[in-house]
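Here is what each chain is made of, one letter per residue.
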Amino acid sequence: MKITKRKLRQIIKESVEDEYKERLKEMFLGGEKEQALELAKSVGMEDFLVGSDLSTIKLEGMNLSGINLSDTRLYNGNLMGVNLSNAILERADLSSVYLYDADLANANLSGANLSGANLLNVNLTGADLRGARLYGTNLKGAKLEDADLRDIVYNKYTEWPEGYKP
């Protein structure tokens, strides 16, 4: 099998990107979160945490806007004050997560599991979900009483807390 120069360049590029993403992930998990996020955004690798288990990582108050956290496990975590605006959280496990004061405006939560999540605001005004995409999202048992759900989009597969009418 003959490999063309173009194919070889593509293989090398993908290898370097994978290695760089792994280094960014190591930095993030090793405590250099802000630096890893800044580097990732500067080189267009906002997807370096896809599929990670962040359930034991302290993320409170972090700016994760625009980051791709698809298939990421954040189960039972404290995401108090986290900025997840415009973040991609497709199929993420956010069950039983505390999202006090969290900004989820325009986040893509399609297929995510937010069962039992607490989306209240510390001041009881509610978390910001304006414009969020909730296609097929599991919100059973989530506390949405005061959440700002203006302009959300959802479908018939979106599961709501018992008695909740969007």
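What counts, and at which threshold
Residues numbered from 1 in each chain as written. Predicted model: local features only at pLDDT ≥ 70, side-chain atom pairs only at ≥ 80, totals over all residues. Heavy atoms only, no water. Helix = DSSP H or I, 4+ residues; strand = E, 2+ residues; numbered from the N terminus. Buried < 20%, exposed > 50% of the residue type's maximum accessible area, 1.4 Å probe, protein only. pLDDT = per-residue confidence, 0-100. Contact = heavy atoms within 4.5 Å. Salt bridge = Lys/Arg side-chain N within 4 Å of Asp/Glu carboxyl O. Phe/Tyr/Trp six-rings, centres within 6.5 Å; stacked < 30°, edge-to-face > 60°.

Peer 1: How should I be thinking about the environment of alanine 105 in this particular structure?
Peer 2: Among the secondary structure elements, alanine 105 is positioned in the loop between α2 (33-42) and β1 (133-134). Residue classification places alanine 105 among the buried positions, given a relative accessible area of 8%. Taking the C-alpha atoms as reference points, alanine 105 and leucine 134, 29 residues apart in sequence, are found 12 Å from one another.

Peer 1: Please clarify how the confidence of the model for the protein chain should be interpreted in this entry.
Peer 2: When pLDDT drops low, the exact placement of atoms in the prediction is not to be read closely. For the protein chain, mean pLDDT is 89; residues scoring 70 or higher make up 95% of the total. No element of the protein chain has a lower mean pLDDT than helix α1 (residues 5-29), at 82, and none a higher one than β1, at 97.

Peer 1: What exactly am I supposed to notice about the environment of proline 161 here?
Peer 2: Structurally, proline 161 can be placed in the segment after β2 (153-154). Measuring from C-alpha to C-alpha, the distance between proline 161 and glycine 116 comes to 8.8 Å, with 45 residues separating the pair along the chain. Not counting the four nearest positions on each side in its chain, proline 161 is found in contact with Leu139, Lys140, Gly141, Ala142 and Leu144.

Peer 1: Is there a simple way to explain the side chain of serine 110 in this structure?
Peer 2: Counting through the fold element by element, serine 110 comes out in the loop between α2 and β1. If sequence neighbours within four positions are ignored, serine 110 has contacts with Leu89, Glu90, Arg91, Arg133, Tyr135 and Thr137.

Peer 1: What am I meant to see in unusual backbone geometry here?
Peer 2: It is generally the case that most residues other than glycine have a negative phi and that most peptide bonds are trans. Phi at asparagine 86 takes a positive value of approximately 60 degrees, unusual for a residue other than glycine. Counting through the fold element by element, asparagine 86 comes out in the loop between α2 and β1. Overall, asparagine 86 belongs to the partly exposed group, its relative accessible area being 47%. Positive phi values are uncommon outside glycine, yet aspartate 151 reaches one of about 65 degrees. As for its position among the elements, aspartate 151 is in the loop between β1 and β2.

Peer 1: Looking at this model, I keep getting lost on the pattern of salt bridges. Mind explaining?
Peer 2: Note on pairing: side chains with opposite charge can pair once their charged atoms come close. Taken as a whole and assessed by the stated rule, the structure comprises 10 salt bridges. In this structure, the salt-bridge partner of glutamate 90 is arginine 91, at a minimum N-O distance of 3.8 Å. One salt bridge connects glutamate 159 with lysine 140, and the closest N-O pair in it is separated by 3.1 Å. Placement of the pair is glutamate 159 in the segment after β2 and lysine 140 in the loop between β1 and β2, with a sequence separation of 19 residues. By relative accessible area, which is 30% here, glutamate 159 ends up partly exposed. A residue is classified by how much of its surface remains accessible, and lysine 140, at 46% relative accessible area, is partly exposed. Three or more residues are tied together by salt bridges with common partners; here these are Asp128, Arg130, Asp148 and Arg150.

Peer 1: Just checking my understanding: could you explain the packing of aromatic side chains for this structure?
Peer 2: The description of an aromatic ring pair uses the distance of the two centres, along with the angle that the planes make with each other. Going through the model one piece at a time under the given rule, you end up with four aromatic pairs. On the numbers, 6.1 Å between centres and 75 degrees between planes, the contact of phenylalanine 28 with phenylalanine 48 is edge-to-face. Taken as a pair, phenylalanine 28 in helix α1 and phenylalanine 48 in the loop between α2 and β1 lie far apart in primary sequence, 20 residues in all. This pair shows no difference in class: phenylalanine 28 is buried, exactly as phenylalanine 48 is. Seen from their ring centres, tyrosine 98 and tyrosine 100 are 5.6 Å apart, and the 35 degrees between their planes marks the pair as tilted. Take tyrosine 98: its relative accessible area is 38%, and that puts it in the partly exposed class. Residue tyrosine 100 is classed as partly exposed on the basis of its relative accessible area of 24%. Among the aromatic residues, ring-to-ring pairing joins Tyr154, Trp160 and Tyr164 into one connected group.

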